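# Survey of secondary and tertiary structure
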Amino acid sequence: MDQTSASFIDIRSVAKVYQSDTGEDVPALSSVSLKIKQGEFVSLLGPSGCGKTTLMMIVAGLSAASKGEVQIEGKKIVDPYTDIGIVFQNAELLEWRTALQNILLQMEIRKLDINTYIPIAKQLLSQVGLSGFEDRYPDELSGGMKQRVALCRALVHDPDILLMDEPFGALDAMTRDQMNIDLQRIWLEKRKTAILVTHSIDEAVFLSDRVVVMTGRPASVAEDIKIDLPRPRKLGIRDSSEFNAYTGHIREMFKDLGVFTND
Amino acid sequence: MQTEVKKKPPAKSSVRWLVPVLSILALLLLWEGVVRLLNIPIYMLPPPSKVAHVAVAESPLLFRHALSTIWAILLGFGLAVVIGIPIATLMIYSDAFNRAIYPILITAQVLPKVALAPLFIVWFGFGLIPKVLMTFLIAFFPIVVDTLAGLSAVRPESLMLLRSMGGSRWQSFWKVRLPTALPHIFSGLKIGMTFAVVGAIVAEFVASEAGLGYVLVEARASLNMVLVFAAIIWLIAIGFIFYFAVEYAERIFVKGRSTKRSQELGAGL
Ligand SMILES: Nc1ncnc2c1ncn2[C@@H]1O[C@H](COP(=O)(O)OP(=O)(O)O)[C@@H](O)[C@H]1O
Ligand SMILES: [Mg+2]
């Protein structure tokens, strides 16, 4: 393995300070360093408001770091990085477009030939169990369905990187489990470099090659845990002792970090 | 075992229409009855049967004046749209422009526009121009305000998404910001349209020698109350047609989302 593929995304001592409305400094990230290999699935796990979204936006080039830099394939990110698919917590579908049209927005904006991508978009929809829903408007879809469409939109142009910011946070537990299964299957097929921001320890361990535990605000990396569980993982793996060793360890860490108190 | 829940069938459209028609009919009957029973003189309150008769019998005269009013509404409203929407757009994109135009906008809004009518006569005489100008001024503000609200309603995440696709500013506006704003813009257009009718009539009261507003003033001066009411009937018809034209356009342009919100905002006026 050569040097560049060893660290496809290289987050180098990235810090971020926001200005509050009253002009005070709000430190959100304090020197985060993280290397992510091509095709790796990494979860960022940390308490709410610690700066996970901020870090993700900096990686995507949508927000500038106050200190440090992000390199992708050895190149410093200054503009929005476009070989990327992003899924936000709210699906962010455009309500005047059908499911299919929402996915094809990628093509319209990137000026790609739409007709070439219609079959690809339809195939993605069927992979997430939404065949037949191509012409539905977001208003007619459930929260889980919308998030699936958003996932298809993030993948249709076959990007190098998939960023997901608490994509399943608003879903009920059962839908969430199903989404985890679907996401793992699609990821195994396409092997995108994936960064998932999540609150759920189970979700992070279930899906990831590595779980990066972050401290409270201003965030830094508390621990970088390699998850050595065979794939494809089944939901039942969550009852295994190996799985629970990971989740238990992370829970202990959060207790030490003061995220859980009086436990 | 009964497992299926029976859905209540939606009311038939014939029944849905019957209720408002009946209520209007009842109101007219009440009016007719009161006028006849109390022997109210015709120069005070004419019965609806007489009004209807005159509204039809005098239709050549009323039509000629209605055209004049319609032109004023169309041109004034059209100007308000063509100028108002770009101004709101510039206000969103340029902070300097926003700060420059804001005080002027507010001043123009708090100023009672009818007070300008005498000036308009001096500057433009009694033709179409003062009517169009008054209509424009009155319809302008709600259109700008609602367009502003609509263009600001875009979610930052949607814009970030577009940037991550390499989208340009123009694409963000055209593909996201403007469509997001459309329901708001249409509620502004509906309010603007009802205001435009008011603007045209007010201008005709003060500074005109044609139009239904002029007919109203003249008929009242000669105590021809039946004609006054007939002109009002025509005005109501014009208002309805324009309002529903805007609503029809809304149905075509605003897709995939319930238009309830804008209907609620616009229909009260
Ligand atoms: N645009 C902003 N301006 C000021 N403060 C911000 C801004 N965005 C986020 N913050 C603050 O930075 C911290 C981290 O936010 P965020 O990255 O959204 O956290 P997380 O995604 O982990 O919940 C929070 O305290 C938040 O209030
Ligand atoms: Mg967040």
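Whatever comes next refers back to the structure up there.
The following paragraphs examine the structure supplied in this document.

What counts as what
- Residues numbered from 1 in each chain as written.
- Chains lettered and ligands numbered in written order.
- Predicted model: local features only at pLDDT ≥ 70, side-chain atom pairs only at ≥ 80, totals over all residues.
- Heavy atoms only, no water.
- Helix = DSSP H or I, 4+ residues; strand = E, 2+ residues; numbered from the N terminus.
- Rg over C-alpha atoms; globule rule 2.2 N^0.38 Å.
- Buried < 20%, exposed > 50% of the residue type's maximum accessible area, 1.4 Å probe, protein only.
- Contact = heavy atoms within 4.5 Å.
- Expected span 1.5 Å × (residues − 1).
- Bend = angle between axes of the 7 residues up to and from the residue.
- 1 Å grid on protein atoms, 1.4 Å probe; cavity = no way out; pocket = protein on both sides within 12 Å on 5 of 7 lines; lining within 4 Å.
- Points joined across faces, edges and corners; volume = space filled by probe spheres on them.
- Nonpolar A, V, L, I, M, F, W, Y, C, P; charged D, E, K, R; others polar.
- Pairing = 2+ DSSP bridges.
- Axes fitted to C-alpha atoms, helices over the stretch in contact; angles between N-to-C directions.
- Near = heavy atom within 4 Å.
- Polar contact = N/O pair within 3.5 Å; in protein donor to acceptor, adjacent residues only side chain to side chain.
- Areas by Shrake-Rupley, 256 points an atom, 1.4 Å probe, with all protein chains shown as cover.
- Buried area = accessible area lost by both parts, 1.4 Å probe.
- Salt bridge = Lys/Arg side-chain N within 4 Å of Asp/Glu carboxyl O.
- Core = buried A, V, L, I, M, F, W, Y, C linked by side-chain atoms within 4.5 Å.
- Parallel < 35°, antiparallel > 145°, perpendicular 65-115°, else oblique.
- Left-handed = near helix turned anticlockwise from the far one by under 90°.
- Phe/Tyr/Trp six-rings, centres within 6.5 Å; stacked < 30°, edge-to-face > 60°.

Counting its secondary structure elements, chain A contains eight helices and ten strands. For a compact globule of 263 residues, the expected C-alpha radius of gyration is about 18 Å, and chain A comes in at 19 Å, within 12% of that figure. Projected onto its principal axes, the C-alpha coordinates of chain A cover approximately 50 × 45 × 45 Å. The buried share among the 263 residues of chain A stands at 52%. Partitioning the contacts of chain A with sequence separation of at least 6, the portion at a separation of at least 24 is 70%.

On to helix H6 (residues 128-152) of chain B, then. Residue and element names in this part refer to chain B. End to end, H6 covers 36 Å across 25 residues, agreeing with the expected 36 Å (1.5 Å per residue, within 8%). Phe140 marks the point of greatest bend in H6, at about 30 degrees, and the proline Pro142 comes within the next four residues. Across the 25 residues of H6, 18 count as buried, placing the element largely inside the fold.

On to empty space enclosed by the protein. All names here are of chain B. If you walk through the whole model with that rule in mind, you get two cavities of 30 Å³ or more. Its boundaries defined by the atoms lining it, the largest cavity holds a volume of some 50 Å³. Every element with two or more residues in the lining of the largest cavity is listed here: helix H4 (95-110) and H6. Here the residues of the lining of the largest cavity sort into five nonpolar, one polar and one charged.

Attention now goes to the sheet that holds strand E3 (residues 41-45) of chain A. Residue and element names in this part refer to chain A. Reading across the sheet, the six strands line up as E6-E7-E8-E3-E9-E10 and stay open at both edges, with mixed pairing between neighbours. Strands with a single pairing partner mark the edges of an open sheet, and in this sheet they are strand E6 (84-87) and strand E10 (221-226). Taking each pair of neighbouring strands and ignoring which way they run, the sheet shows an average axis angle of 15 degrees. Here strand E9 (residues 210-214) pairs with E10 via five bridges, running antiparallel. Within E10, the position partnered with Val212 by the bridge is Asp224. Here helix H8 (residues 241-256) sits on the sheet in contact with E3, E9 and E10, set at roughly 175 degrees to E10.

Another point: the environment of Gly49 of chain A. Residue and element names in this part refer to chain A. With respect to the secondary-structure elements, Gly49 resides in the loop between E3 and helix H2 (52-59). The exposure class of Gly49 is exposed, given its relative accessible area of 52%. Counting along the chain gives 169 residues from Gly49 to Pro218, while the straight-line C-alpha distance between them is 9.0 Å.

Bringing the site of ligand 1 into the picture now. Residue and element names in this part refer to chain A. For ligand 1, the full set of nearby residues is Tyr18, Ala28, Ser48, Gly49, Cys50, Gly51, Lys52, Thr53, Thr54 and Arg217. Gly51 places a main-chain nitrogen or oxygen 2.9 Å from an oxygen atom of ligand 1. One of the side-chain N or O atoms of Thr54 is found 2.5 Å from an oxygen atom in ligand 1. Its free accessible area being 560 Å², ligand 1 has 63% of it covered by the protein chains. For the shell around ligand 1, the element with the highest residue contribution is H2, accounting for three residues.

Listed as interface residues are 24 residues of chain A and, on the opposing side, 20 residues of chain B. Interface of chain A and chain B: buried area, both sides summed, is about 2,000 Å²; carbon and sulfur atoms make up 61% of it. A per-residue breakdown of the area chain A buries against chain B is headed by Glu92, Trp96 and Ile109 of chain A, which together make up 34% of the total. Taken together, chain A and chain B are joined by two salt bridges. Put simply, chain A and chain B have five residue pairs in polar contact (both at pLDDT 80 or more) between them. Listed by contribution, the elements that provide at least two residues to the side of chain A that touches chain B are E6 and helix H3 (99-110) of chain A. In terms of residue count, H3 of chain A provides more of the side of chain A that touches chain B than any other element does, five residues in total. Its residues assigned to classes, the side of chain A that touches chain B shows twelve nonpolar, four polar and eight charged.

Backbone-to-backbone hydrogen bonds pair the strands of a sheet. The strands run either parallel or antiparallel. Taking strand neighbours across the sheet as the criterion, the four strands line up as E2-E1-E4-E5 (chain A) in an open arrangement whose pairing is antiparallel. The open sheet has two edge strands, strand E2 (25-36) and strand E5 (75-76) of chain A, and neither has a second partner.

Moving on, we come to the nonpolar core. With 53 residues, the main nonpolar core has Leu62, Ile73, Phe77, Leu189 and Leu212 of chain B as its most contacted residues. Looking at this core, the elements with two or more residues in it are helix H2 (48-57), helix H3 (59-93), H4, H6, helix H8 (169-207), helix H9 (212-221) and helix H10 (225-253) of chain B. Those residues in contact with Leu62 of chain B that sit more than four places away from it in its chain are Val54, Ala55, Leu212, Val215, Leu227, Ala230, Ala231 and Trp234 of chain B. Ile103, Met164, Ala194 and Phe243 of chain A belong to the second-largest nonpolar core, a separate cluster that totals 50 residues.

Our next topic: helix H7 (residues 156-164) of chain B. Turning to H7 of chain B, its buried residues are Ser158, Met160, Leu161, Leu162 and Ser164 of chain B. Just past H7 of chain B, the residue Gly166 of chain B takes up positive phi, approximately 80 degrees.

Let us now look at the side chain of Thr247 of chain A. Residues and elements named next belong to chain A. Residue placement: Thr247 occurs in helix H8. Looking at Thr247, its side chain comes within polar contact range of the main-chain oxygen of Asn244, at 3.2 Å. In this structure, Thr247 is in contact with Ile201, Asp202 and Val205, ignoring residues within four places of it in sequence.

Before going further, it helps to spend a moment on the packing of H3 of chain A against helix H5 (residues 143-155) of chain A. Residue and element names in this part refer to chain A. Running from amino to carboxyl end, H3 crosses H5 at an angle of 30 degrees, the nearest separation of the two axes being 8 Å. On the basis of the axis angle, H3 is roughly parallel to H5. Once H3 is placed against H5, the crossing between them reads as right-handed. Contacts between H3 and H5 involve Ala99, Asn102, Ile103 and Gln106 on the former and, on the latter, Val149, Cys152, Arg153 and Ala154. Here the contact of H3 with H5 is built from residues that sort into five nonpolar, two polar and one charged.

Describing an aromatic ring pair means giving the distance of the ring centres and the angle of the ring planes. Residue and element names in this part refer to chain B. The final tally for this structure, using the stated rule, is twelve aromatic pairs over all chains. Their ring planes at 55 degrees and their centres at 5.6 Å tell us that Trp31 and Phe229 sit as a pair that is tilted. A residue pair is termed long-range when its members are at least 10 positions apart, and Trp31 in helix H1 (residues 13-37) and Phe229 in helix H10 qualify at 198 residues. Consider the rings of Tyr243 and Phe244, whose centres lie 5.5 Å apart with planes at 90 degrees: the pair is edge-to-face. Judged by its relative accessible area of 11%, Tyr243 is buried. By way of ring pairs, the aromatic residues Tyr93, Trp170, Phe173 and Trp174 are connected into one cluster.

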